[in-house]
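Chains, contacts and geometry: an overview
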Protein chains: 2
Amino acid sequence: MAEVQLQTQTRADEAFDCLQTAIVKGDLAPGEKIGEVELCSRFNLTRGPLREALGRLESRGLLVRRPHAGVKVVSVSADELIELYRIREVMEGLAARQAAERMTDEEIQDLLATLDSHEAMIEEAQGQAYYQAEGDYDFHHRIATGSRNTKLAQMLLGDLYYMVRMYRYRLSTSAGRPHMALGEHRSIVEAIAQRDGELAEFLMKRHINAARQNIEKKIQEGVLTI
Amino acid sequence: MAEVQLQTQTRADEAFDCLQTAIVKGDLAPGEKIGEVELCSRFNLTRGPLREALGRLESRGLLVRRPHAGVKVVSVSADELIELYRIREVMEGLAARQAAERMTDEEIQDLLATLDSHEAMIEEAQGQAYYQAEGDYDFHHRIATGSRNTKLAQMLLGDLYYMVRMYRYRLSTSAGRPHMALGEHRSIVEAIAQRDGELAEFLMKRHINAARQNIEKKIQEGVLTI
DNA sequence: GTAAGGCATATTGTTGACAATCCACGAGTT
DNA sequence: AACTCGTGGATTGTCAACAATATGCCTTAC
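Report follows, based on the coordinates. Not measured: the values here are computed from a predicted model. (Residues numbered from 1 in each chain as written. Chains lettered and ligands numbered in written order. Predicted model: local features only at pLDDT ≥ 70, side-chain atom pairs only at ≥ 80, totals over all residues. Heavy atoms only, no water.)

1. Some points on the overall build of chain A
Across its full length, chain A carries 9 helices and 3 strands. For chain A, the sequential pattern of α-helices and β-strands runs α-β-α-α-β-β-α-α-α-α-α-α. Burial analysis of chain A (226 residues in total) assigns 51% to the buried set. Here the contacts in chain A between residues at least 6 apart in sequence split such that 76% fall between residues at least 24 apart. Total accessible area on chain A is roughly 10,900 Å²; 50% of this is exposed by carbon and sulfur atoms. (Helix = DSSP H or I, 4+ residues; strand = E, 2+ residues; numbered from the N terminus. Buried < 20%, exposed > 50% of the residue type's maximum accessible area, 1.4 Å probe, protein only. Contact = heavy atoms within 4.5 Å. Areas by Shrake-Rupley, 256 points an atom, 1.4 Å probe, with all protein chains shown as cover.)

Structure follows, in structure tokens:
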């Protein structure tokens, strides 16, 4: 392991990050029961910091822990994934509205620039949905922080996105969707640029609603089994 | 049998509960820097479980922890308290809508019954705002769980309510508000009973909006200093 | 007199060993 | 043959000692 680690980062934080990414990337399959000692040897940690990290992960709902029985990765059902999108709809709607009221002109310009780069990425990497997903994540990330609502950003970035991303990695976005999503992103930013919070909220809600319907359709088609 | 306590409760859970209530009740003042050893002696714990609990509290945003520098209770500014209510508005709006779609008839009847008991409490205990606050908490708690949206309930009950309650304890609700709030509660339940999700969402949002404006007014009057 | 730097102390972060608890397997009984 | 009960093993929960780091005070130089 290359020790690039910052000294201000404690071992427990390190463990937390490792585990979180491992869960999100799918290296630790949902429902899988994992022993503490195995995790220790896998990430070169001792049980103290590991347990601390496990506690945090549990508190965030990525793990379930039964006393003396062990830890297992949470397995989210299809219904629960849909519910997640319903929550995103209202929370990101609020984020968009507040972002329209509070983002600086600079931030908005920057956001527009990133949209251009996302478009370029989609154009050249035809079908490489991964980058599109990263771009999408980047977009929503900026809106969340742009809202200047600390707790809102914390809940979105710390709780919801990680759970959603758990499925992003196994779930390729459908063919025409990236282009459409980009268009929707543009409209939202436009509304923000015009400082029209109400419109930004409406458009964001519709955007996430569309994404949810897209996933629902896939599940019904049986393309996506969770 | 002296062991009324469930054995499935681990020391870390115990520590977590103790600390959480201590923070919420104000026994640990916001901004106060607290040493680990002091907490250990105070709650009869060892540092292992304590640290695990601290990690969870930090992850939930009730504590801030700087490496090697110690732990201190988070201090929420007036603005941030307002922001909390903005989040509640959209999230509980969603909860109300989903509750209208999914609560059982039994649950709704039960909810109505609790509203009656709340009314009785307000009538007899004139000015005892504490019970009203508890009743209010109870009401919102039921709506959240009634939504059948696991993650939504988790975020509301696990994250937001505890932060809001931090201030409930020092902040007596204003004179006429309990009665008004109760009336709003009734309208919401009525909408739920009629399975009108859209209306329930609207009414709940307006209800929380009113509560927020009430607090904003108090802050501007200087009655409430945070 | 003030500011910068180094040292001591106290506090946090980490480690490894010990104790308590659950799960699985096997034996005995119906 | 199937079910229940008991025991062994493994895993988790807990503890106390060790190491690393930041804060505060004192000294010293300008």
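2. Structural notes on the pairing of strand β2 (residues 63-66) of chain A
All names here are of chain A. Along β2, the buried face is formed by Leu-63 and Arg-65; none of Val-64 and Arg-66, which line the opposite face, is buried. Taken together, the 4 bridges between β2 and strand β3 (residues 70-73) define a ladder with antiparallel strand orientation. Pairing of Leu-63 across the sheet is with Val-73, part of β3. Hairpin geometry of β2 and β3 is characterised by an intervening segment of 3 residues between the two adjacent antiparallel strands and by a positive phi of about 65° at His-68. (Pairing = 2+ DSSP bridges.)

3. Some thoughts on the pairing of strand β3 (residues 70-73) of chain B
Residue and element names in this part refer to chain B. Side chains Val-71 and Val-73 of β3 all project onto a buried face; the interleaved residues Gly-70 and Lys-72 project onto a face where none is buried. As judged from the 2 bridges shared by strand β1 (residues 33-34) and β3, these two strands associate in the antiparallel manner. Paired with Lys-33 across the strands is Lys-72, a residue of β3.

4. Comments concerning the side chain of Asp159(B)
Along the polypeptide, Asp159(B) turns up in helix α7 (residues 150-168). Not counting chain neighbours up to four residues away, the residues in contact with Asp159(B) comprise Lys151(A), Met155(A), Asp159(A), Arg60(B) and Gln154(B).

5. Considering the protein's contact with DNA strand D
Around DNA strand D sit 16 residues, and of these Arg47(A), Arg51(A), Arg11(B), Thr46(B) and Arg66(B) come closest. Sugar plus phosphate: this is where 81% of the atoms of DNA strand D within 4 Å of the protein reside. One of the backbone nitrogen or oxygen atoms of Glu36(A) is found 3.3 Å away from a phosphate oxygen of DNA strand D. For DNA strand D, a phosphate oxygen lies 2.6 Å from a polar atom in the side chain of Arg66(B). Secondary-structure elements contributing two or more residues to the surface near DNA strand D are α3 (47-60) of chain A together with α1 (11-25) of chain B. Considered class by class, the residues forming the surface near DNA strand D number 4 nonpolar, 6 polar and 6 charged. (Near = heavy atom within 4 Å. Polar contact = N/O pair within 3.5 Å; in protein donor to acceptor, adjacent residues only side chain to side chain. Nonpolar A, V, L, I, M, F, W, Y, C, P; charged D, E, K, R; others polar.)

6. A look at the interface of chain B and chain A
Each side of the interface is counted separately: chain B has 31 residues, and chain A has 31 residues. When chain B packs against chain A, close to 2,800 Å² is buried across both sides, 52% of that on carbon and sulfur atoms. Taken together, chain B and chain A are joined by 8 salt bridges. Salt-bridge contacts for Glu52(B) lead to Arg51(A); the nearest nitrogen and oxygen are separated by 3.3 Å. Listing elements by their share of the side of chain B that touches chain A, those giving two or more residues are α3 (47-60), α4 (78-102) and α7 of chain B. Looking at side-chain class alone, the side of chain B that touches chain A contains 10 nonpolar, 8 polar and 13 charged residues. (Buried area = accessible area lost by both parts, 1.4 Å probe. Salt bridge = Lys/Arg side-chain N within 4 Å of Asp/Glu carboxyl O.)

7. Some thoughts on unusual backbone geometry
In terms of backbone geometry, most residues other than glycine have negative phi values and most peptide bonds are trans. The phi angle at Arg148(A) is positive, at roughly 60°, despite the residue not being glycine. With a relative accessible area of 39%, Arg148(A) lands in the partly exposed category. With a phi close to 65°, His68(B) is a non-glycine residue in the positive phi region. Tracing the sequence through the fold places His68(B) in the loop between β2 (63-66) and β3.

8. Describing the sheet that holds β2(A)
Sheets are built from strands that pair by backbone hydrogen bonding, the pairs being arranged parallel or antiparallel. Reading across from one edge, β1-β3-β2 (chain A) is the order of the 3 strands in this open sheet, with antiparallel pairing throughout. In this open sheet, the two strands that pair with only one neighbour each are β1 (33-34) and β2 of chain A.

9. With respect to the pattern of salt bridges
Here the structure, examined in full by the defined rule, presents 36 salt bridges over all chains. When the shortest N-O distance is used, the salt bridge between Glu201(A) and Arg97(A) registers 2.8 Å. With Glu201(A) in helix α9 (residues 197-221) and Arg97(A) in helix α4 (residues 78-102), this pair connects stretches of sequence that are 104 residues apart. When sorted by exposure, Glu201(A) lands in the same class as Arg97(A), which is buried. The network of salt bridges with common partners includes Asp13(A), Glu52(A), Arg56(A), Glu36(B), Arg47(B), Arg51(B), Glu58(B) and Arg65(B).

10. Things to note about the relation of the copies chain B and chain A
When chain B is brought onto chain A, the operation consists of a screw motion whose angular component is 180° and whose axial shift is 0.0 Å, with 0.1 Å RMSD remaining. Look at the turn and shift together and you get a two-fold axis relating the two. Interface residue correspondence from chain B to chain A reaches 100%, placing this contact among same-surface, isologous pairings. (Least-squares fit on C-alpha atoms with pLDDT ≥ 70 in both.)

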